[in-house]
Amino acid sequence: NYMAFNGYAFQGLRETDDPGETPIVLPMFDYNHVGEADRLGGRPSLDVNLLALTRTGGADTRRLSVKGGWRLPYIGPMGDVYALSTTLTGDLYHVDGLVRSGKTGTHSGFNGRLIPQLAFDWRYPFVREEEGVYQLVEPIASVVVSPYGGNPDTIPNEDSLDFEFDDTNLFRANRFTGLDRIEGGPRINYGLKWGVFGRGGATTVLVGQSLRAKEDDTFASGSGLEDRFSDIVARVQVRPADYLAQLYGASASLAPFRIPIGL
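Residues numbered from 1 in each chain as written. Predicted model: local features only at pLDDT ≥ 70, side-chain atom pairs only at ≥ 80, totals over all residues. Heavy atoms only, no water.

Next up on the list: the side chain of S65. With respect to the secondary-structure elements, S65 resides in strand β4 (residues 60–75). Judged by relative accessible area, S65 falls into the buried class, the value being 5%. A distance of 2.6 Å separates polar atoms of two side chains, one belonging to S65 and the other to D91. Ignoring anything within four residues of it in the chain, the contact list for S65 reads D47, V48, N49, T89, G90, D91 and L179. (Helix = DSSP H or I, 4+ residues; strand = E, 2+ residues; numbered from the N terminus. Buried < 20%, exposed > 50% of the residue type's maximum accessible area, 1.4 Å probe, protein only. Polar contact = N/O pair within 3.5 Å; in protein donor to acceptor, adjacent residues only side chain to side chain. Contact = heavy atoms within 4.5 Å.)

Listed below in structure tokens is the structure:
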């Protein structure tokens, strides 16, 4: 179990920062629990978050988020690795003075959402050894299904503004950094990992992409996920010794008239 209870405020250091829009965070409560394995080998989980943001010159937000889940891992007889997981997330918000894009006036009141999600992960590592050097080739895929429309404009975005699509969140069921935004719709994530591991050193390469059932406005233009086919993301990690490592990350878009590579 993990539980945290905090209260704090952030003070901006830029000349353009408005102290009235700086939130006072009190309280913030987090509880995370993973249960013992059941008779099938699955583990239940429970995440609870309570947050209150108060501003002297901006919108106030109160949020209660509860997410229950269950995850079942399985290793096949050929070494293939599977995981089935389900979650149900319920969020309750109360906002005061929320400004919505393209609409006049502000919004105040209670709002909520209930989001079910089903995810299936698969990977199949192939390993070959020759004279003490191991080579790994591992195809990876995941399928995630959840409903569209989980982000109405009556729900504020306080903790998911900073978003970057890369290899670290390629296979996550929800790629947003916080709780205020939820990734919706059916999607498939796929990639290939290759690695060489020797005495005291290793090199690994990961390349992958995401495919959505249809385009929607969940992600902003330029995020790499606004189209059905996402940008291709990659990671190269070179570790010649235990105490030294070099990591490279890149993304590439197949859409025309875009800059093809970004580091």
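More follows now that the structure is in view.
Attention shifts here to the pairing of strand β9 (residues 187–197). Here strand β8 (residues 133–145) runs beside β9; their pairing, made up of 11 bridges, is antiparallel. Its bridge partner being in β9, V137 is matched across the sheet by W194. Between the antiparallel neighbours β9 and strand β10 (residues 202–212) lie 4 residues, among them G200 with a positive phi of about 85 degrees. (Pairing = 2+ DSSP bridges.)

This brings us to the confidence of the model for the chain. With 90% of its residues at a pLDDT of 70 or more, the chain has an overall mean of 87. When mean pLDDT is taken per element in the chain, β4 scores highest with 97 and strand β13 (residues 261–262) scores lowest with 37. Low pLDDT (under 50) marks residues 255–263, which in the prediction has 15 contacts with non-local residues, meaning those over four places away or in another chain. (pLDDT = per-residue confidence, 0-100.)

Here we take up the pattern of salt bridges. The tally for this structure, following the rule as stated, stands at 13 salt bridges. Between D167 and R235 there is a salt bridge whose closest N-O contact spans 3.1 Å. Highlighted residues: D167 in the loop between β8 and β9 and R235 in strand β11 (residues 232–241), separated in sequence by 68 residues. Residue class for D167 comes out buried when judged on its relative accessible area of 13%. For the salt bridge of R175 with E183, the shortest nitrogen-to-oxygen distance reads 2.7 Å. The class for E183 is buried, based on a relative accessible area of 0%. (Salt bridge = Lys/Arg side-chain N within 4 Å of Asp/Glu carboxyl O.)

Take a nonpolar patch on the surface next. A cluster of nonpolar side chains, L46, L50, L64, V66, L92 and F110, forms an exposed patch at the surface whose accessible area comes to about 510 Å². Of all the secondary-structure elements, those providing two or more residues to the nonpolar patch are β3 (43–54) and β4. Inspection of the secondary structure assignment puts F110 in strand β6 (residues 106–123). (Patch = residues over 30% accessible without salt bridge, like charges linked within 9 Å, V, L, I, M, F, W, Y side chains within 5 Å. Areas by Shrake-Rupley, 256 points an atom, 1.4 Å probe, with all protein chains shown as cover.)

The next point concerns the packing of aromatic side chains. Evaluation of the coordinates by the stated rule reveals 7 aromatic pairs. Seen from their ring centres, Y82 and F120 are 5.9 Å apart, and the 35 degrees between their planes marks the pair as tilted. Taken together, the residues span a long stretch of sequence, with Y82 in strand β5 (residues 81–99) and F120 in strand β6 at a distance of 38 residues. Centre to centre, the rings of Y124 and F126 are 4.5 Å apart; their planes meet at 20 degrees, and the pair counts as stacked. Taking the relative accessible area as the measure of exposure, Y124 reaches 18% and is therefore buried. For F126, a relative accessible area of 44% translates into the label partly exposed. These aromatic residues form a ring-pair network of at least three members: Y74, Y82 and F120. The cationic tip of K214 hangs over the ring face of Y148; the distance from NZ or CZ to the ring centre is 4.6 Å. (Phe/Tyr/Trp six-rings, centres within 6.5 Å; stacked < 30°, edge-to-face > 60°. Lys NZ or Arg CZ within 6 Å of the ring centre and 35° of its normal.)

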